[in-house]
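Residues per chain, in single letters:
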Amino acid sequence: MARANWFAVSPEGAKAIGVLHHYVVNDTNLSSALVHLVFLRVSQINGCAHCIDIHTRDLLKEGVSVDKAVLVPVWHEVEHLFTERERAALAWSEEVTRVSETHASDEAYAAALAVFGEKDLVDLTLTIAAMNAINRLGVSFRLKPRARS
């Protein structure tokens, strides 16, 4: 079934999401590689093929190894490939993305806060929220990945 092109149907809505995306990508203290790592993990949890494709490519452009990129879904099993900051960001990304199950536990918050501090943790949470919003649009309106066979 063909679905609406949400960018075309609601340009003001697309612009609003774009402002948040621009902020988290350009105006925080979070590194670009960390932002794309978070974008990828959130997109994997949400099953957004379009975003998984984009953010895997973005990580590779950032110089992240293929080994590391493909193992993001199982980062708990290969923690040695990820820095402390990356592990904390991935854990918080999972906690916030699955908030209906986790309720953003005090333990998870304390662990993330210990690594990021208040400002960066708020910005990390905005990064997670932005990708969750974009994923919901991507999945709902069936945005296609760029990948070709």
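Visitor: Kindly report on the packing of helix 3 (residues 32–46) against helix 8 (residues 106–140), identifying the contributing residues and their values.
Guide: Running from N to C, helix 3 and helix 8 cross one another at 45 degrees; their axes reach a closest spacing of 9 Å. Comparing the axis directions of helix 3 and helix 8 gives the class oblique. Crossing hand, helix 3 versus helix 8: right-handed. Residue-level inspection shows Leu34, Val35, Val38, Phe39, Val42, Ser43 and Asn46 of helix 3 in contact with helix 8, the latter providing Phe116, Leu124, Thr127, Ile128, Met131, Asn132, Asn135, Arg136 and Val139. Looking at side-chain class alone, the contact of helix 3 with helix 8 contains 10 nonpolar, 5 polar and 1 charged residues.

Visitor: Talk me through the pattern of salt bridges; I want residue IDs and the actual numbers.
Guide: Tallied over the entire structure, the rule returns 5 salt bridges. When the shortest N-O distance is used, the salt bridge between Asp53 and Arg57 registers 2.7 Å. With a gap of 4 residues between them, Asp53 and Arg57 both fall in helix 4 (residues 49–61), about one helical turn apart. A relative accessible area of 11% places Asp53 in the buried class. Two residues, Lys119 and Asp123, come together in a salt bridge whose shortest N-O distance is 2.8 Å. Taken together, the residues span about one helical turn, with Lys119 and Asp123 both in helix 8 at a distance of 4 residues.

Visitor: Kindly report on a nonpolar patch on the surface, identifying the contributing residues and their values.
Guide: Taken together, the side chains of Leu60, Val66 and Val70 define a hydrophobic patch exposed on the protein surface, amounting to about 260 Å² of accessible area. By the secondary structure assignment, Leu60 is in helix 4. Look at Leu60 and you get partly exposed, because its relative accessible area is 38%.

Visitor: How would you sum up the nonpolar core? Please name residues and give values.
Guide: Leu37, Phe82, Trp92, Phe116, Leu124 and Ile128 are the most contacted members of the largest nonpolar core, which totals 31 residues. Only helix 3, helix 4, helix 6 (84–97) and helix 8 provide two or more residues apiece to this core. In terms of residues, this core owes the most to one element, helix 8, which gives 8 residues. Beyond its immediate sequence surroundings of up to four residues, Phe116 is in contact with Leu30, Leu34, Arg85, Ala88, Ala89, Leu121 and Leu124.

Visitor: Provide a residue-level description of helix 3, including the pertinent values.
Guide: Between its first and last C-alpha atoms helix 3 spans 21 Å; for 15 residues at 1.5 Å apiece the expected length is 21 Å, and the two agree. When you tally the buried positions in helix 3, you get 11 out of 15 residues, the bulk of the element. What helix 3 keeps buried is the set Leu34, Val35, His36, Leu37, Val38, Phe39, Leu40, Arg41, Val42, Ser43 and Gln44. Elements that come into contact with the buried residues of helix 3 comprise helix 2 (11–26), helix 4, helix 5 (66–70), helix 6 and helix 8. One or two positions beyond helix 3, positive phi appears at Gly47, with a value near 70 degrees.

Cut-off values and rules
Residues numbered from 1 in each chain as written. Predicted model: local features only at pLDDT ≥ 70, side-chain atom pairs only at ≥ 80, totals over all residues. Heavy atoms only, no water. Axes fitted to C-alpha atoms, helices over the stretch in contact; angles between N-to-C directions. Helix = DSSP H or I, 4+ residues; strand = E, 2+ residues; numbered from the N terminus. Parallel < 35°, antiparallel > 145°, perpendicular 65-115°, else oblique. Left-handed = near helix turned anticlockwise from the far one by under 90°. Contact = heavy atoms within 4.5 Å. Nonpolar A, V, L, I, M, F, W, Y, C, P; charged D, E, K, R; others polar. Salt bridge = Lys/Arg side-chain N within 4 Å of Asp/Glu carboxyl O. Buried < 20%, exposed > 50% of the residue type's maximum accessible area, 1.4 Å probe, protein only. Patch = residues over 30% accessible without salt bridge, like charges linked within 9 Å, V, L, I, M, F, W, Y side chains within 5 Å. Areas by Shrake-Rupley, 256 points an atom, 1.4 Å probe, with all protein chains shown as cover. Core = buried A, V, L, I, M, F, W, Y, C linked by side-chain atoms within 4.5 Å. Expected span 1.5 Å × (residues − 1).

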